[in-house]
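Chain and residue survey
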Amino acid sequence: MSTEKNKTTKKSEKIYERAIKVLTGGVSRNTIFRKPHPFYVSTANGSYITDIDGCQRLDFANNMASLIHGHSHPKIVEAVTKQLKRGSAFAMGSEIEVSFAELLNNRTRAFENIRFMNSGTEAVMTMIKTARVYTGKHKIAKAEGSYHGTYDYAEISQNSDPTNWGDINNPNPVPVVEETPDGILNDMVIFPYNDTERTLALLNQNADQIACVLIDLVPHRVGLIPAKKEYIEAIYKWTRKNNAVLAFDEVVTYRVNYSGAQENYNVDPDLTALGKIIGGGFPIGALAGKAEIMQVLDPRETNIKHPHSGTFSANPISITAGYTAMSLFDKQAVLNLNKLTKKAIEQIEEAINLAEIPACVTGAGSMFRVHLNKNKPRTYREAYQGKEVKVIINELLDYLFLKENILMINTCACMFSTNLDQTHVDRLSEALLNGFRIIKPKLENTL
Ligand SMILES: Cc1ncc(COP(=O)(O)O)c(C=O)c1O
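Residue positions are given per chain, counting from 1 as you read along its sequence in written order. This being a predicted model, a pLDDT of at least 70 is required before a residue's local features are given, and a value of 80 or more before pairs of side-chain atoms are given or counted; all residues contribute to the totals for chains, interfaces and linings. The basis for every side-chain value is the complete set of heavy atoms in the structure, and neither hydrogens nor water enter the calculation.

**Let's talk about the site of the ligand**
Here is the rule we go by: Note on terminology: near, applied to a residue and a molecule or strand, indicates that one of the residue's heavy atoms is within 4 Å of it. Any pair of nitrogen or oxygen atoms within 3.5 Å is treated as a polar contact; in protein, a donor-acceptor pairing is required on top of that, and neighbouring residues in sequence qualify only through side-chain atoms on both sides. Shrake-Rupley sampling with a 1.4 Å probe provides the accessible areas, and residues are treated as covered by the protein chains on show and by no other component. Side-chain classes follow a simple rule in which Ala, Val, Leu, Ile, Met, Phe, Trp, Tyr, Cys and Pro form the nonpolar group, Asp, Glu, Lys and Arg form the charged group, and the remainder, Gly included, forms the polar group.
Taken together, the residues surrounding the ligand are Ser119, Gly120, Thr121, Tyr147, His148, Gly149, Asp216, Asp249, Val251, Val252 and Lys276. One of the side-chain nitrogen or oxygen atoms of Thr121 is found 2.7 Å away from an oxygen atom of the ligand. Here a nitrogen atom of the ligand sits 2.7 Å away from a polar atom, N or O, in the side chain of Asp249. In the complex, the protein chains occlude 79% of the 390 Å² of accessible area that the ligand would expose alone. Each residue belonging to the shell around the ligand can be placed in one class, and the counts come to three nonpolar, five polar and three charged.

In structure tokens, the structure reads:
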């Protein structure tokens, strides 16, 4: 592991020089971009990533919450290697796809049927289209600030800001990409998350047109704030009364409990979009839910209402990795991981107190996010970070990455994995304490 003295980034710099000539901005996903250049990985194992210049970092990002057992888990490597030798993708089914569907359907009460695909974006897209076909309606209701991937409808208002978000009683549908057609904006109903009264009022105004209410139970970009039970129950009741589909996005939150974040609520969704951890480190997405609704995808129907395919859907590599990962992530593993995460949150809260900075931690299960707010934000608008705060957060994250050799998600969040232990938690909380002390003067000048 490189020390501070001999730390060099020369090889990464050189690769980036080549990268900018062939990849737009030098990257294939904006999330990994850093100034002055991204860092390139040599190897990743367990809780650590070693970059091409030999610096080893402790990883709390876990590829944006997708690696529930960290990097290169030996059992996953073994299972995938075996499958690779038997073929990686074919225009026929595989038994492991059926076994994995059985495993997931047995795991979560609301899953009767399932379909595999290649990403969370695709799962949300298929969920929205399925809801439309099933209800015969086309509007989509979603929470302001929530991220659901990059499908045109799902991405609306994911990064609304004070200049464009409008009246809280009727938030604007804000496009992410210029020239998003008006038709898409007009088909969105944007509601303020966790605000029952306003959400129901907005749903009522569009009752005869809403196909589904799309909701993440602990939306990361909204602030990683768990949805209130009474809020979800009120939305559930509304969907029953108004022939709308209750559509949960559990692409990230499926890790929260053995059966997903939905286990915390008394009501079941009609459909659930999955992704990330269920791929065991490989690309995946899935749509699960009521058989009666999923029937719109059924090729046995004479009139297939929503034909669904995908060249790599249910490819045996992702499925084998996912099956192995989710088998290992059993009830005890979920409890152990959540317990360790709770300990980490307590230690970070202690660090916040020691550093005497206005900060707090939100989260659920094995995920948490540090906010530079004295009080825990309750809504997207409360959690929203202005430019000045973002600069300080980036400074904290850069300090952690460059000086403490710790990788966190760029919202100042951690997504834990089962390979972590108390020593890693101690390292993280000590590093954060150092970081909090460094940003403190700037924070005092800004807030
Ligand atoms: C809640 C949520 N839904 C959907 C997606 C999209 O998943 P993917 O990146 O696999 O397309 C993400 C990705 O971060 C997500 O956080």
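**With respect to the pattern of salt bridges**
Under the convention used in this document: Every case where a carboxyl oxygen of Asp or Glu lies within 4 Å of a side-chain nitrogen of Lys or Arg is listed as a salt bridge. Secondary structure elements follow DSSP: runs of H or I of four or more residues count as helices, runs of E of two or more count as strands, with numbering from the N terminus. Accessible area is worked out with a 1.4 Å probe on protein chains only. A residue is then buried under 20% of its type maximum, exposed over 50%, and partly exposed in between.
Under the definition given, this model contains 13 salt bridges. In this structure, Glu346 engages Lys342 in a salt bridge whose closest nitrogen and oxygen atoms are separated by 3.7 Å. Here Glu346 pairs with Lys342, and both are found in helix H11 (residues 331-355), just four residues apart, close to one helical turn. Since its relative accessible area comes to 39%, Glu346 is described here as partly exposed. The partner of Arg378 in a salt bridge is Glu382, and the shortest N-O contact between them spans 2.6 Å. Here the salt bridges do not stand alone but share partners, grouping Arg240, Asp270 and Lys290 into one network.

**A word on the packing of H11 against helix H14 (residues 422-446)**
Selection criterion: Throughout, an axis means a line fitted to C-alpha atoms (over the contacting stretch in the case of helices), and angles, computed between N-to-C directions, take values from 0 to 180 degrees. Orientation is classified from the angle alone, with under 35 degrees giving roughly parallel, over 145 giving roughly antiparallel, 65 to 115 giving roughly perpendicular, and any other angle giving oblique. Note: crossing handedness is left-handed where the near helix turns anticlockwise from the far helix by less than a right angle, and right-handed where it turns clockwise. Contacts are residue-level and defined by heavy atoms, with any inter-residue pair within 4.5 Å sufficient.
Closest axis-to-axis distance for the H11/H14 pair is 9 Å, and the angle between their directions is 25 degrees. Put simply, H11 runs roughly parallel to H14. For the element pair H11 and H14, the recorded crossing hand is right-handed. The segment H11 lies against H14, with Leu340, Lys343, Ala344, Gln347, Ile348, Ala351, Ile352, Leu354 and Ala355 engaging Gln422, Val425, Asp426, Leu428, Ser429, Leu432, Leu433, Phe436, Arg437 and Lys440. Residues of the contact of H11 with H14, tallied by class, amount to twelve nonpolar, three polar and four charged.

So, to be careful, I would describe these as geometric facts and stop short of saying anything about function.
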